[in-house]
Amino acid sequence: QYKPTEWEAAVKKESGKASPQGFEEIKTVLEQFSGKTLAELVSNEKKYGKFLVFPSNAAKSDLDDKDKVLFELLDADTDNPKFRTGNVMGFFSLRGEEKDGKPSEVRMQITSRFDDEAGKDNFFLHYMLQKVCNMAIAPNTSSGAESFYDFLPYLFPSYLKEACKQGIFRAYVTREYNDANVRGPIDVARHIRYNIPFNGKVAYHTREYTADNKITQLVRHTIEYIRSMGFSILDGDARDDVAKIIAATPTYTKNDRAKVIAQNLHPVTHPYYTAYEPLRMLCLGILQHKKLSYGGDDDNQIAGILFDGASLWEEYLNDLLKRNCEGKLVHPNNRTHTDRQYLFVKDESDPSGTIYPDFLWELSEDKFYAKAVLDAKY
């Protein structure tokens, strides 16, 4: 959706024609962005910025090479330019040309066909996310650029599950103690301040490898913040992960939120806990309501949030239909490689004939024959 600036609108009002200057800038930026798949966007953070994608593993297990945000410019009419999009919906911000030493930004919003043309009320997208992500008691949706923030809590259960698959994040933390069980270097100044005259205690500090660290504290603060917003996580696995985070952070204090945010402004570079970096970005976005940005030199800026519309619609239908189908309806998943079908002969060693229909009706016990194949269209 291209909206002329106030200056362009004034020019159009006087002359009856829109100035192509603003549109040409947008066209130049979007041409660099068009044709890029989700995997390419996520893997090239320096060029495009950091994107949050739902489902969280959509970029790694790309559905197919046709999952692109923008394909091409269809109409160069400056009054109403048109771009061809694919299955991907969402919000994103891209870097434009520098003006007066400052880079400009181009913001785009791609909505579903069920939402209003102005893109102000994404009620259906909110509804689908609420069902698919098992989130309840969603707040009222806002309009304009602020609607971006309303979608962030929906992503939290999915990103949390991906991170917890690698285990609860553990790291070395320096702790200060004042007791009789000395386990580290003595802090002389603190010891004199607290323990003179001598009371049987010694002030010291030690390094501990613990799950109660700045990352898990950030996740805990996000959990409590989401609860305060009125969201409730219904997903069983996600609720178990939430319970693990709560158990791992006994030192949580609500008043420490600003300090915890300041401690997590640097990326997670641990070679094993790789899934905690996108979770950290998401948590900061939720807690700070950070604006969309092209990234630049700020490692904590979110360039956009993208949803695979086709996958989201399929998961919504699966959630809607499975309750009344008595186990007859099967939803294959090409990301997890479950319930695959074979186009010709059953040969698990040959993936060339492997297909993943949207839905199968009454799948046989050997999972090779189905009475019907159903295709989801939105």
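Residues numbered from 1 in each chain as written. Predicted model: local features only at pLDDT ≥ 70, side-chain atom pairs only at ≥ 80, totals over all residues. Heavy atoms only, no water.

Draft legend 1. Up close: the environment of Asn134. Here Asn134 is to be found in the loop between helix 5 (123–132) and strand 6 (135–136). For Asn134, a relative accessible area of 25% puts it in the partly exposed group. Expressed as a C-alpha distance, the spacing of Asn134 and Ala238, which sit 104 residues apart in the sequence, is 9.3 Å. The residues touching Asn134, leaving out its near neighbours within four places in the chain, are Leu129, Ser232, Ile233, Leu234 and Asp235. (Helix = DSSP H or I, 4+ residues; strand = E, 2+ residues; numbered from the N terminus. Buried < 20%, exposed > 50% of the residue type's maximum accessible area, 1.4 Å probe, protein only. Contact = heavy atoms within 4.5 Å.)

Draft legend 2. Expanded view of the nonpolar core. One finds Val69, Phe92 and Phe156 to be the most contacted residues of the largest nonpolar core, which totals 77 residues. Of all the elements, helix 6 (residues 147–164) adds the most residues to this core, at 9 residues. Here Val69 is in contact with Phe33, Lys36, Leu38, Leu41, Thr85, Gly86, Val88, Phe92, Ile110 and Leu306, once residues within four sequence places are set aside. (Core = buried A, V, L, I, M, F, W, Y, C linked by side-chain atoms within 4.5 Å.)

Draft legend 3. Broad picture of unusual backbone geometry. Cis geometry marks the peptide bond from Ile196 to Pro197, where omega comes out at 0°. Residue position: Pro197 is located in the loop between helix 7 (188–195) and strand 8 (202–210).

Draft legend 4. Main features of the pattern of salt bridges. Scanning the model with the defined rule gives 11 salt bridges in all. The salt bridge partner of Glu224 is Arg227, with a shortest N-O separation of 3.5 Å. Here Arg227 and Glu224 lie together in helix 8 (residues 214–229), a separation of 3 residues that amounts to about one turn. Linked through salt bridges whose partners overlap, the residues forming this network are Arg175, Glu208 and Asp212. (Salt bridge = Lys/Arg side-chain N within 4 Å of Asp/Glu carboxyl O.)

Draft legend 5. Looking closely at the packing of helix 8 against helix 11 (residues 276–288). Relative to each other, helix 8 and helix 11 sit at 45°, their axes nearing to 10 Å. Between helix 8 and helix 11, the crossing angle belongs to the class labelled oblique. Taken as a pair, helix 8 and helix 11 cross one another with a handedness that is left-handed. Facing Ile215, Leu218, Val219, His221, Thr222, Tyr225 and Ile226 of helix 8, the residues of helix 11 in contact are Tyr276, Leu279, Arg280, Cys283, Leu284, Ile286 and Leu287. Split into classes, the residues belonging to the contact of helix 8 with helix 11 amount to 11 nonpolar, 2 polar and 1 charged. (Axes fitted to C-alpha atoms, helices over the stretch in contact; angles between N-to-C directions. Parallel < 35°, antiparallel > 145°, perpendicular 65-115°, else oblique. Left-handed = near helix turned anticlockwise from the far one by under 90°. Nonpolar A, V, L, I, M, F, W, Y, C, P; charged D, E, K, R; others polar.)

Draft legend 6. Main features of the confidence of the model for the protein. Averaged over all residues, the pLDDT of the protein equals 76, while 73% of them reach at least 70. Taken together, the stretch residues 140–146 has pLDDT below 50 and engages in 10 contacts with residues farther than four places along the chain or on a different chain. Every residue in residues 292–297 scores below 50 in pLDDT, and together they form 23 contacts with partners more than four places removed in sequence or on other chains. (pLDDT = per-residue confidence, 0-100.)

Draft legend 7. Quick look at the packing of aromatic side chains. Under the defined criterion, the tally for this structure stands at 9 aromatic pairs. Consider the rings of Tyr172 and Tyr209, whose centres lie 5.0 Å apart with planes at 50°: the pair is tilted. In this pair, Tyr172 sits in strand 7 (residues 171–179) while Tyr209 sits in strand 8, placing the two residues 37 residues apart along the sequence. Judged by relative accessible area, Tyr209 falls into the partly exposed class, the value being 42%. Centre to centre, the rings of Tyr272 and Tyr273 are 5.0 Å apart; their planes meet at 75°, and the pair counts as edge-to-face. Assessed through its relative accessible area of 47%, Tyr272 is described here as partly exposed. Taken together through their ring pairs, the aromatic side chains of Phe169, Tyr272, Tyr273 and Tyr276 make up a single cluster. One Lys or Arg, Arg193, reaches over the ring of Tyr194 and ends 5.0 Å from the middle of that ring. (Phe/Tyr/Trp six-rings, centres within 6.5 Å; stacked < 30°, edge-to-face > 60°. Lys NZ or Arg CZ within 6 Å of the ring centre and 35° of its normal.)

Draft legend 8. Looking closely at the sheet that holds strand 14 (residues 359–363). If you walk across this open sheet you meet the 3 strands as 11-14-15, and the pairing is antiparallel. Each end of this open sheet is capped by a strand with a single partner; those strands are strand 11 (329–330) and strand 15 (370–374). Both strand 14 and strand 15 contribute to a ladder of 4 bridges, which runs antiparallel. Across the sheet, Phe359 pairs through a bridge with Leu374, a residue of strand 15. (Pairing = 2+ DSSP bridges.)

Draft legend 9. The packing of helix 8 against helix 9 (residues 236–248), seen in detail. Close contact between helix 8 and helix 9 brings their axes to 9 Å; oriented N to C, the two are set at 120°. Between helix 8 and helix 9, the angle is such that the two are oblique. Along this stretch, helix 8 crosses helix 9, giving a crossing that reads as left-handed. Facing Thr216, Val219, Arg220, Ile223 and Arg227 of helix 8, the residues of helix 9 in contact are Val242, Ile245 and Ile246. A class-by-class count of the residues in the contact of helix 8 with helix 9 yields 5 nonpolar, 1 polar and 2 charged.

Draft legend 10. Just a nonpolar patch on the surface, in detail. On the surface, a nonpolar cluster with roughly 470 Å² of combined accessible area is contributed by Val182, Ile186, Val188, Ile192 and Ile196. With respect to the helices and strands, the residue Val182 is situated in the loop between strand 7 and helix 7. By relative accessible area, which is 42% here, Val182 ends up partly exposed. (Patch = residues over 30% accessible without salt bridge, like charges linked within 9 Å, V, L, I, M, F, W, Y side chains within 5 Å. Areas by Shrake-Rupley, 256 points an atom, 1.4 Å probe, with all protein chains shown as cover.)

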